[in-house]
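Observations on the three-dimensional arrangement
Single-letter residue listing:
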Amino acid sequence: MSAAADKPPQNEPPRPERRPRVFSGIQPSGTLHLGNYLGAVKNWVAMQDTHDCLYCAVDLHAITVRQQRAELRRNTIDLVNLFLASGVDPERSIVFVQSHVPAHTELMWILNTITYMGELRRMTQFKDKTAGAEGESIAVGIFDYPVLMAADILLYRADAVPVGEDQKQHVELTRDVAERFNKAFGKAFVVPEPIIRTEGARVMSLDDPAKKMSKSAGSENSYVAVMDAPDVIRRKIRRAVTDSGTEVRGGPDKPALSNLLDIYSAFSGDPLDEIVRRYEGKGYADLKADLGEVVVSALAPIQVRIRELEADTSYTLNALHVGAERAEAIAARTLAKVRERVGLVPRP
Ligand code: TYM
């Protein structure tokens, strides 16, 4: 590489002291819930103080499941509004929509050539999503989904990837693919580390603590949506299933209580043992009533800000415009290096 090629392009912000870089994404594929907020966005906000951050609405991942056109558009903007309303600052972080930067799909193609079918077949999420389906009716995009995710992360030479527990395997695959490329073609990628927080890493369904809280969950009572009204939040938490016994504590024999205590701790910042101590001699109903208030008051300012952003879309659209330009500038450098390593002739 020449010295000139190593210089950042003009619109990539200068990085005098390099802070570690993070990349993370969420699919705009339905109702946003506490799992997305606690497992992802809340941590993203805090990381802005210590990292250079890129946060992405991964719409190309979302279309691996059939979406309604108008709904996909709305969900994408709603998701970006959640990022911004929660405290992701588009002046400090790069906030963008995946499909606005075509380099993601180009790098994905190149990574497809060094990723093995066996690796993708072993992905738990692939197995879950296709359980019972015949190969004839499984879209290639579902199978190939983790390679697009690897491209997302590697394009930005991210050092770390904050995700919930369910995405850890995909980040591990990303590491394997990055190492394989670097070894075969010469170093082009940073090998990223997953960052999984312990509280909120896996928020479980309120009506079945064996399943994770999910936007595709059948029942409305299984999740608290970020935009749920206060009374709805209180009701859903009051109706959450509990374990046998009466004692408020966590543990493997108390999966439902463990989940409620985790949510409590993640929102309040109080350590689990302190919360448990507070409920000595009290019952499940007391915990649920207080947790309802904790969640309502934590979500209230976010809901207010989301409504403001919805009323005037210019702030969000401008953030996405600037974000795509800044992301593209970084992505272009990585892609140029990758093309050179692979032996693709530069466009004259
Ligand atoms: P997605 O859209 O399913 O979820 C987004 C983030 O939310 C976390 N999450 C949860 N955390 C705790 N408890 C839950 N119940 C829960 N449900 C979801 C997920 O772990 C994730 O961090 N493939 C990714 C999106 C993606 C991505 C990336 C992430 C695409 N490219 C690059 C990081 C880096 C996904 O489907 O997440």
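Scoring rules and cut-offs
Residues numbered from 1 in each chain as written. Predicted model: local features only at pLDDT ≥ 70, side-chain atom pairs only at ≥ 80, totals over all residues. Heavy atoms only, no water. Helix = DSSP H or I, 4+ residues; strand = E, 2+ residues; numbered from the N terminus. Rg over C-alpha atoms; globule rule 2.2 N^0.38 Å. Buried < 20%, exposed > 50% of the residue type's maximum accessible area, 1.4 Å probe, protein only. Contact = heavy atoms within 4.5 Å. Areas by Shrake-Rupley, 256 points an atom, 1.4 Å probe, with all protein chains shown as cover. Lys, Arg positive; Asp, Glu negative; His and termini not counted. Charge placed at Lys NZ, Arg CZ, Asp CG, Glu CD. Phe/Tyr/Trp six-rings, centres within 6.5 Å; stacked < 30°, edge-to-face > 60°. Lys NZ or Arg CZ within 6 Å of the ring centre and 35° of its normal. Near = heavy atom within 4 Å. Polar contact = N/O pair within 3.5 Å; in protein donor to acceptor, adjacent residues only side chain to side chain. Nonpolar A, V, L, I, M, F, W, Y, C, P; charged D, E, K, R; others polar. Domains from an automatic or database assignment. Buried area = accessible area lost by both parts, 1.4 Å probe. Salt bridge = Lys/Arg side-chain N within 4 Å of Asp/Glu carboxyl O. Pairing = 2+ DSSP bridges. Right-handed = clockwise from strand over helix to strand, strands pointing away. Axes fitted to C-alpha atoms, helices over the stretch in contact; angles between N-to-C directions. Parallel < 35°, antiparallel > 145°, perpendicular 65-115°, else oblique. Left-handed = near helix turned anticlockwise from the far one by under 90°.

A closer look at the overall build of the protein
Within the protein, the regular secondary structure consists of 14 helices and 5 strands. Whereas a compact globule of 348 residues would reach a radius of gyration of roughly 20 Å, the protein reaches 21 Å, a difference of no more than 12%. Relative to its full complement of 348 residues, the protein shows a buried share of 47%. Contacts in the protein between residues at least 24 apart in sequence constitute 76% of all its contacts with a sequence separation of at least 6. In the form shown here, the protein has an accessible surface area of approximately 16,900 Å², with 52% of it arising from carbon and sulfur atoms. Of the side chains in the protein, 45 bear a positive and 47 a negative charge, and the two mean positions are spaced by 3 Å.

Quick look at the packing of aromatic side chains
Aromatic rings in a pair are described by how distant their centres are and how their planes are angled relative to each other. Scanning the entire structure with this criterion turns up 10 aromatic pairs. Among the aromatic residues, ring-to-ring pairing joins F23, F96 and Y156 into one connected group. Note that K282 overlies the ring of Y279, its terminal NZ or CZ placed 5.5 Å from the centroid. One cation-aromatic arrangement involves R305 over Y315; the distance from NZ or CZ to the ring centre is 5.5 Å.

Section: the site of the ligand
The immediate surroundings of the ligand are formed by 28 residues, with Q27, Y145, D152, D166 and V203 found nearest. Between the ligand and G164, the relevant distance is 2.8 Å, taken from an oxygen atom to a main-chain nitrogen or oxygen of the residue. In the environment of the ligand, a nitrogen atom lies 3.0 Å from a nitrogen or oxygen atom belonging to the side chain of Q167. Looking at the shell around the ligand, the elements that each hand over two or more residues are β1 (21-26), α2 (34-47) and α8 (140-155). Of the residues contributing to the shell around the ligand, the split by class is 12 nonpolar, 11 polar and 5 charged.

Notes on the domain arrangement of the protein
Interfaces are frequently sized by the accessible area removed from exposure as the parts join. With domains assigned, the protein is organised as domain 1 (21-202 + 313-342) and domain 2 (220-311). Placing the centre of domain 1 and that of domain 2 at their C-alpha centroids yields a distance of 29 Å. Each partner contributes residues to the interface: domain 1 has 18 residues there, and domain 2 has 18 residues. Both sides of the domain 1 and domain 2 interface together cover about 1,600 Å² of buried area, and 70% of this is carbon and sulfur. Summed over the shared surface of domain 1 and domain 2, the result is 0 salt bridges. Between domain 1 and domain 2 we count 3 residue pairs in polar contact (both at pLDDT 80 or more) in total. Put simply, the parts of the chain that give the side of domain 1 that touches domain 2 at least two residues each are α2, α4 (69-86) and α14 (314-342). No other element matches α4, which puts 6 residues into the side of domain 1 that touches domain 2.

Side note on the pairing of strand β2 (residues 52-57)
Extensive coverage of β2 is indicated by the burial of 5 of its 6 residues. Pairing analysis gives 6 bridges linking β1 to β2, with the strands arranged parallel. Note that in β2 the partner of R21 across the bridge is D52. Handedness of the crossover joining β1 and β2 through α2: right-handed.

Looking at the packing of α2 against helix α11 (residues 255-268)
For the pair α2 and α11, the least separation of the axes is 11 Å and the interaxial angle reads 45°. Relative to α11, the element α2 lies oblique. As α2 runs across α11, the sense of the crossing is left-handed. In this structure, α2 uses L34, Y37, L38 and K42 to contact α11, whose residues at the interface are I263, A266 and F267. Residue composition of the contact of α2 with α11, grouped by class: 6 nonpolar, no polar and 1 charged.

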